[in-house]
Amino acid sequence: MVDVQGAVADGFEPVRDAFAENFARRGERGAAVTVYRDGRKVADLWAGTRDADGGEEPWRHGTAQVVRSATKGVAAAVLLLLHQRGQVDLDAPVGTYWPEFKAAGKERVLVRHLLAHRAGLPVLDTPLTPAEAIDGVSGPRALAAQAPAWEPGTDHGYHAQTYSWLLGELVPRVTGRSLGAWVAEEISGPLGLDLWIGLPDGERHRVGRIADIEAPAAPAAGLRVRPKATVADAYRDPDSLTRRAFGAITPAADENDPAYRAAELPASGGIATADALARFYASLIGPVDGGRRLFAPATLTLARTEESAGPDRVLVVNTRFGLGYMLHGPASPLLGPGSFGHPGRGGSLAFADPESGVAFGYVTNGMQKNVTADPRAQALVRAVARSLAG
């Protein structure tokens, strides 16, 4: 039996039970989960080892991990907050701020298209090497020259990797600061978050190692859910938008490499604790510990108003997006119809549900084969729902 550390408030015991069950039944190696309700922490748990690929050092309070695409929700907040401050017009062409971007038929790509995965730029004709992906120059230059895969604004498809260079170039064009620096100075610092897009050298000791792991086989008597043939085919086909979107960095980068972790990759390279993710989302929907709320009501409405829905050209399944956030639906079940947030491929999940006042953060070091609905995260979400139901 795993030794679960931390505490839950009265009524949230189902979260502890589900967290322990993830280790017993779902292959968890090291993880943490934090839940806030109405700005107050009601669950904060951690267990296992800090490294998924060996070693016995325990996961401690404050252990952080690469959270992959859960980073996208933090990056989206930067654009929405700049809009809230009057510095970015979401309906302006991206080329207004980034003139080189207008090339190859992208004159009508709007800022909101980037956030809602409607820009038609999920792939690169020539993938970047890991070194090019993190040099801060090659990604934006490639996207400035890239022709869209479809007419921008007419359809949506998940910008798995290119989201990094789209938002990562737009923010400094507007503010003069890198996106990672903006997060550090305007979000993580004021809110006291252990959350970085671009890990400082002094924090490297805080971060565990992630690794791909196999999920345990389903019980013989149970129903094993397999990907639909069309989804599996898309991931196998080297010419599909799916394979090309996730392969925009080829070969795949070593996410445990200190250079990769120090780079600013707003699509997939964020590093955070579970508490930081949950506290971040709690701050989007209300004050936390007497502090300030980040999103004004109108900005919160923008974040979770549906901009894209239906068959996703990259993920193949039906997806729903607001401005920068996945919305509750079959592909990414959250707590309720008004929930908004973002999963990370292989495990992590963070979101807020304004109607219940809940903010949720889950991080893991064991990356299982899933994109939007990890069974460990989903078990914890269901436990939160049971806790709320009493």
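Just above, that's the structure.
Attention in this report is confined to the structure presented alongside it. Every chain is numbered independently, its residues counted from 1 as its sequence is written. In view of the model being predicted, local features appear only for residues whose pLDDT reaches at least 70, and side-chain atom pairs are presented and counted only at 80 or more, with totals across whole chains, interfaces and linings using the full set of residues. Hydrogens are left out, water is left out, and the side-chain values use all remaining heavy atoms of the structure.

Quick word on helix α6 (residues 163-175)
For step 1, the next point in the chain: Helix length check: α6 (13 residues) gives 18 Å between terminal C-alpha atoms against 18 Å at 1.5 Å per residue, within 8%.
For step 2, the next point in the chain: Classification of residues uses two cut-offs on accessible area relative to the type maximum, computed with a 1.4 Å probe and protein chains only: under 20% is buried, over 50% is exposed, and between them is partly exposed. Secondary structure elements are taken from DSSP: a helix is a run of H or I of four residues or more, a strand is a run of E of two residues or more, and numbering for both begins at the N terminus. For α6, every residue scored as buried is listed here: Y163, S164, W165, L166, L167, E169, L170 and V171.
For step 3, the next point in the chain: In this analysis, two residues are considered to be in contact whenever any of their non-hydrogen atoms come within 4.5 Å of each other. On its buried face, α6 sits against α2 (71-84), α3 (111-115), α4 (130-133), α5 (138-145) and α7 (179-191). For a helix, the expected span equals 1.5 Å multiplied by the number of residues minus one.

Quick look at the pattern of salt bridges
For step 1, the next point in the chain: Salt bridge, as used here, is a side-chain nitrogen of Lys or Arg placed within 4 Å of a carboxyl oxygen of Asp or Glu. All chains considered together, the criterion is met by 28 salt bridges.
For step 2, the next point in the chain: When the shortest N-O distance is used, the salt bridge between E21 and R25 registers 3.2 Å. Of the two residues, E21 and R25 are both situated in helix α1 (residues 13-25); the distance of four residues between them amounts to about one turn of the helix.
For step 3, the next point in the chain: A relative accessible area of 30% means that E21 is categorised as partly exposed.
For step 4, the next point in the chain: Notably, a salt bridge pairs R304 with E355, separated by 3.0 Å at the nearest N-O pair. Here R304, found in helix α12 (residues 297-304), pairs with E355, found in the loop between β12 (349-353) and β13 (358-364); they are 51 residues apart in sequence, far enough to count as distant.
For step 5, the next point in the chain: Exposure remark for E355: the relative accessible area of 54% places this residue in the exposed category.
For step 6, the next point in the chain: Here the residues in one salt-bridge network are R85, R177, E185 and E186, joined through shared partners.

Examining the pairing of β13
For step 1, the next point in the chain: Judged by how many residues are buried, β13 sits mostly within the fold: seven of seven residues are covered.
For step 2, the next point in the chain: Residues V358, F360, Y362 and T364 of β13 are buried on one face, and the alternating residues A359, G361 and V363, pointing to the opposite face, are buried as well.
For step 3, the next point in the chain: Here five bridges tie β12 to β13, and the two strands are oriented antiparallel to one another. Each residue of the ladder has a partner; that of F351, found in β13, is F360. Two strands are said to pair when DSSP picks up at least two bridges between them.

Looking at the layout of surface pockets
For step 1, the next point in the chain: In the cavity and pocket records, a cavity denotes points on a 1 Å grid over the protein atoms alone where a 1.4 Å probe fits but cannot get out, a pocket denotes an open set with protein on both sides within 12 Å along at least 5 of 7 lines, and lining residues are residues with an atom within 4 Å of a point. Grid points are joined across faces, edges and corners, and a volume is the space filled by probe spheres set on the points. A volume near 200 Å³ is recorded for the second largest pocket.
For step 2, the next point in the chain: If you trace the second largest pocket, you find 16 residues lining it, with G136, S164, W165, G168 and E264 closest to the centre.
For step 3, the next point in the chain: No other element matches α6, which puts five residues into the lining of the second largest pocket.
For step 4, the next point in the chain: Considered class by class, the residues forming the lining of the second largest pocket number nine nonpolar, four polar and three charged. Just so you know the grouping, Ala, Val, Leu, Ile, Met, Phe, Trp, Tyr, Cys and Pro go in nonpolar, Asp, Glu, Lys and Arg go in charged, and all remaining residues, Gly too, go in polar.

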